[in-house]
Amino acid sequence: MIRAQSRMENDALGEAAVPARALYGVHTVRAMENFNIARRPPHTGLIKAYGTVKLACAVTNRSLNAWTGQDDKGGAIERACREMSLGQLTKHVIVDALQGGAGTSLNMNVNEVIANRALQILNEPLGSYSRVSPMNDINLHQSTNDTFPTAIKLAAIRLVQKLEERVVGLLEAFQEKEKQFAHVVKVARTQYQDAVLITLGREMGAYADALARDRWRLYKCEERLRVVNLGGTAVGTGLGAPREYIFRVTDMLRDITGIGFARAENLVDATQNADVFVEVSGMARTLASTLFKISSDLRLLSSGPDAGLGEIHLPPRQEGSSIMPAKMNPVIPEAAAQAAMLAMGRDAALTMACSMGSLELNPFLPLVAHCLLNNLDDLAGACDTLRRHCVQGMQADEARCRATTLGATAAATALIPVLGHEAAAAVALRAAAQGVSVREQVLQEGLLSEQEFDACMRPEAICRLGSPRVDIPAKEPAHE
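Residues numbered from 1 in each chain as written. Predicted model: local features only at pLDDT ≥ 70, side-chain atom pairs only at ≥ 80, totals over all residues. Heavy atoms only, no water.

**So, the overall build of the chain**
Let me state the cut-off plainly: Here a strand is any run of E in DSSP of at least two residues, a helix any run of H or I of at least four, and the numbering for each starts at the N terminus. We compute the radius of gyration from the C-alpha atoms alone; for a globule the expected value is 2.2 Å times N to the 0.38, where N is the number of residues. The buried label applies to any residue whose accessible area, calculated with a 1.4 Å probe on protein chains only, is under 20% of its type's maximum; exposed applies above 50%, and partly exposed to all values in between. Residue contacts follow a heavy-atom distance rule, with two residues in contact if any of their heavy atoms lie within 4.5 Å. In this description, accessible areas are obtained by the Shrake-Rupley approach with a 1.4 Å probe, and a residue is regarded as covered only by the protein chains that are shown. Residues scored as charged are limited to Lys and Arg (positive) and Asp and Glu (negative), so that His and the chain ends carry no count. Charged side chains are reduced to one point each, which is NZ for Lys, CZ for Arg, CG for Asp and CD for Glu.
A tally of helices and strands in the chain yields 18 helices and eight strands. Since a compact globule built from 480 residues should have a radius of gyration of about 23 Å, the 31 Å found for the chain marks it as more spread out than a globular shape. Here the C-alpha coordinates of the chain stretch approximately 110 × 65 × 35 Å along the principal axes. Looking at the chain as a whole, 49% of its 480 residues are labelled buried. Partitioning the contacts of the chain with sequence separation of at least 6, the portion at a separation of at least 24 is 71%. Counting only carbon and sulfur atoms, one obtains 52% of the accessible surface of the chain, whose full area is about 23400 Å². Positive and negative side-chain charges of the chain, numbering 50 and 53 respectively, have mean locations separated by a distance of 5 Å.

Now the structure itself:
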């Protein structure tokens, strides 16, 4: 017996062949024919979140007796939704990530997969939509326009939480380096030129503090994502949905996820406007800016090893050249920097997409979802990679830091509290003219003893907030 290779399904455009064993249906087939831009499906987190949203809708509909006398049907639908929410049906959602229709193709694909999986559970043939319908049952009291943005927000919240954890891990790694390098005095630089003295630990601590602010921003932005328009259906008026459903469905989503979702006070506003995604993307862009700055600094501080700054050594991860022997490049900061640059670019695309909404709906939400969710995911990966493969194994070259400190005219800055600005500047110029270190010049001129000079260069003196008070004898009044 030869099994049929396809089944025929109908939509508003007519009849189309669907692979016989596919869980998707005719609407997905149309979308696959039309959209082949990104050449990959939507983010897996979005697909799982969509399953969770559909589960909340199904449980709510069942509580309102939508399938009275058909407990097996309601149970099969809920089971199929749960499987999608757990990622067990992800491979069947195959529409392109970049699609027209404000996400309708994804919603249709999800509806068809859940319907056909429910049919499998009921031991019914695939495509038997008179028994379980993608539209009449799975999409009951819903629209793409309320379920799709809600799924984006749920997926984003989960990814924000993951990203926050990774940021915390990275900042804690820098805090550890702050303690480890607290005693290493080095030259600080402004505009790539020698400035004053600092410790390597203070530099690491500054990176940790910047990341701590990013972590706080991410924590706070989750609040914005908890307000959803679920129940608003097409344009936020709730057309086609019972009042009881509208009041219950968001509460059900909150109970299922354990996340404090709330129904928007103005469902039309929440359907029409996408500014919350711009805000959250901006927080991710800020983190990207921090990551890029840190990655660039690590590359510069580790430059060399012989002809660069060479103040830190990054863990060697792989050979860096096909022609230069034993060359090790800062590949981990480079990779993190690329993730940051890509995030900034995606943020620009997302901002444009959100600003291009038309009247009651934004048709470009698929691009918004693509940019936002991938940014959150990529930045989490960048933070984790930078922590594990770079920061944790980073070492200070104490000899190099000490040599550049003693040989730099910047060391004269540390003498200002003792010698005064003009005297310190003058001795620095004389040292440069003689081709000797500031230390040698100061000792040669007898301005300070070795102990006094070294005391000025200690980490405690360098890191002290402000300079100690120097009492200047008061001038005696002039006698006439």
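**A few points about unusual backbone geometry**
The peptide bond linking Gly304 to Pro305 adopts the cis configuration, its omega dihedral lying at 10°. Here the phi dihedral of Asn65 falls at roughly 65°; this positive angle occurs in a residue that is not glycine. Judged by relative accessible area, Asn65 falls into the exposed class, the value being 55%.

**Regarding the environment of Phe148**
Residue placement: Phe148 occurs in helix H6 (residues 144-180). Distance from Phe148 to Leu230, taken between C-alpha atoms, is 9.0 Å for residues 82 residues apart in sequence. In this view, Phe148 contacts Leu46, Tyr50, Ala102, Gly103, Leu106, Leu365, Pro366 and Ala369; residues no more than four positions away in its chain are not counted.

**Concerning the pairing of strand E1 (residues 6-11)**
Convention followed: A pair of strands is considered paired only if DSSP assigns at least 2 bridges between the two.
Burial along E1 is one-sided: Arg7, Glu9 and Asp11 are buried, and none of Ser6, Met8 and Asn10, which face the opposite way, are. Pairing of E1 with strand E2 (residues 14-19), which is carried by six bridges, proceeds in the antiparallel orientation. Residue pairing for E2: Arg7 is matched across the bridge by Val18. Here E1 hands over to E2 after two residues, the two strands then running antiparallel side by side.

**Re the environment of Met84**
Mapped onto the elements of the fold, Met84 is located in helix H3 (residues 71-85). On the basis of relative accessibility, which here comes to 0%, the residue Met84 falls in the buried class. Distance from Met84 to Glu319, taken between C-alpha atoms, is 43 Å for residues 235 residues apart in sequence. Once you skip the residues sitting within four places of it in the chain, Met84 turns out to touch Ile47, Lys48, Gly51, Leu89, Val93, Val110, Val113 and Ile114.

**Regarding the pattern of salt bridges**
Here is the rule we go by: Just to be clear on terms, a salt bridge is a Lys or Arg side-chain nitrogen sitting within 4 Å of an Asp or Glu carboxyl oxygen.
With the rule as written, the count across this model stands at 30 salt bridges. One salt bridge connects Arg439 with Glu450, and the closest N-O pair in it is separated by 3.9 Å. Of this pair, Arg439 sits in helix H16 (residues 438-445) while Glu450 sits in helix H17 (residues 450-456), placing them 11 residues apart in sequence. The partly exposed category is assigned to Glu450, whose relative accessible area is 46%.

**Re the packing of helix H10 (residues 275-301) against helix H11 (residues 331-355)**
Each packed pair of helices is defined by two parameters, the angle between the axes and the distance between the axes. Formally: Angles here are taken between N-to-C directions and fall from 0 to 180 degrees, while the axes themselves are lines fitted to C-alpha atoms, restricted in helices to the stretch in contact. With respect to orientation, any angle under 35 degrees is reported as roughly parallel, any angle over 145 as roughly antiparallel, any angle of 65 to 115 as roughly perpendicular, and every other angle as oblique. Crossings are sorted by hand: turned counterclockwise from the far helix by less than a right angle, the near helix makes the crossing left-handed, and turned clockwise it makes it right-handed. Amino acid classes used here: Ala, Val, Leu, Ile, Met, Phe, Trp, Tyr, Cys and Pro are nonpolar; Asp, Glu, Lys and Arg are charged; the rest, including Gly, are polar.
One can describe the packing of H10 onto H11 by two numbers: an axis separation of 8 Å at closest approach and a directional angle of 155°. Classed by the angle they form, the pair H10 and H11 counts as roughly antiparallel. The element H10 and its partner H11 pack so that their crossing is left-handed. On H11, the residues that touch Phe277, Val278, Ser281, Gly282, Arg285, Ala288, Ser289, Leu291, Phe292, Ser295, Leu298 and Arg299 of H10 are Pro333, Glu334, Ala336, Ala337, Ala340, Met341, Ala343, Met344, Asp347, Leu350, Thr351 and Cys354. Along the lines of polarity and charge, the residues of the contact of H10 with H11 split into 15 nonpolar, five polar and four charged.

**Observations regarding the nonpolar core**
As a reminder of what qualifies: Working definition of a nonpolar core: buried Ala, Val, Leu, Ile, Met, Phe, Trp, Tyr and Cys residues. They are joined through side-chain atoms within 4.5 Å.
Grouped together as the largest cluster of nonpolar side chains are 115 residues, with contacts concentrated most on Phe174, Phe277, Leu287, Leu291, Leu298, Leu386 and Met394. Here this core takes 15 residues from H6, the largest share from any one element. If sequence neighbours within four positions are ignored, Phe174 has contacts with Met204, Tyr207, Ala208, Leu211, Ile294, Leu298, Val391 and Met394. Membership of the second largest hydrophobic core comes to 19 residues, among which are Ala410, Leu415, Ala428 and Met457.

**Observations concerning the confidence of the model for the chain**
Rules: Values of pLDDT, the confidence the predictor places in each residue, fall between 0 and 100.
Put simply, the chain has an average pLDDT of 93, and 96% of its residues get 70 or more. A low-confidence stretch, residues 470-475 (pLDDT under 50), is modelled with one contact involving residues beyond four sequence positions or located in other chains.

**Re the side chain of Glu164**
On the secondary structure map, Glu164 appears in helix H6. If we ignore the near neighbours within four places in the chain, the residues touching Glu164 are Arg215, Leu218 and Tyr219.

**With respect to the state of the cysteines**
What counts, and what does not: Disulfide assignment relies on a single distance test, namely cysteine sulfur atoms paired within 2.5 Å.
In total, this model carries zero disulfides according to the counting rule given. The structure places no disulfide on Cys221, whose sulfur is separated from the nearest cysteine sulfur, that of Cys383, by 14 Å.

**As for the packing of aromatic side chains**
What counts is decided by this rule: Two aromatic rings, drawn from Phe, Tyr or Trp (for Trp, its six-membered ring), form a pair once their centres lie within 6.5 Å of each other, and the interplanar angle then sorts them: stacked below 30 degrees, edge-to-face above 60, tilted otherwise. Charge-over-ring placement is defined geometrically: NZ (Lys) or CZ (Arg) within 6 Å of the ring centre, and within 35 degrees of the ring normal.
Enumeration according to the criterion identifies three aromatic pairs in this entry. Aromatic pair Phe174 and Tyr207: ring centres 5.4 Å apart, planes at 65°, arrangement edge-to-face. One end of the pair, Phe174, is in helix H6; the other, Tyr207, is in helix H7 (residues 200-225), and 33 residues separate them in sequence. Of the two residues examined, Phe174 and Tyr207, each falls in the buried class. Its end group placed over the ring of Tyr219, Arg215 keeps NZ or CZ at 5.7 Å from the ring centre.

**Remarks on the packing of H6 against helix H12 (residues 365-391)**
Where H6 contacts H12, the axes come no closer than 9 Å and their chain directions differ by 20°. Considering their axes alone, H6 and H12 lie roughly parallel with respect to each other. Pair H6 / H12 crosses with left-handed handedness. In terms of residue class, the contact of H6 with H12 is built from 23 nonpolar, two polar and six charged.

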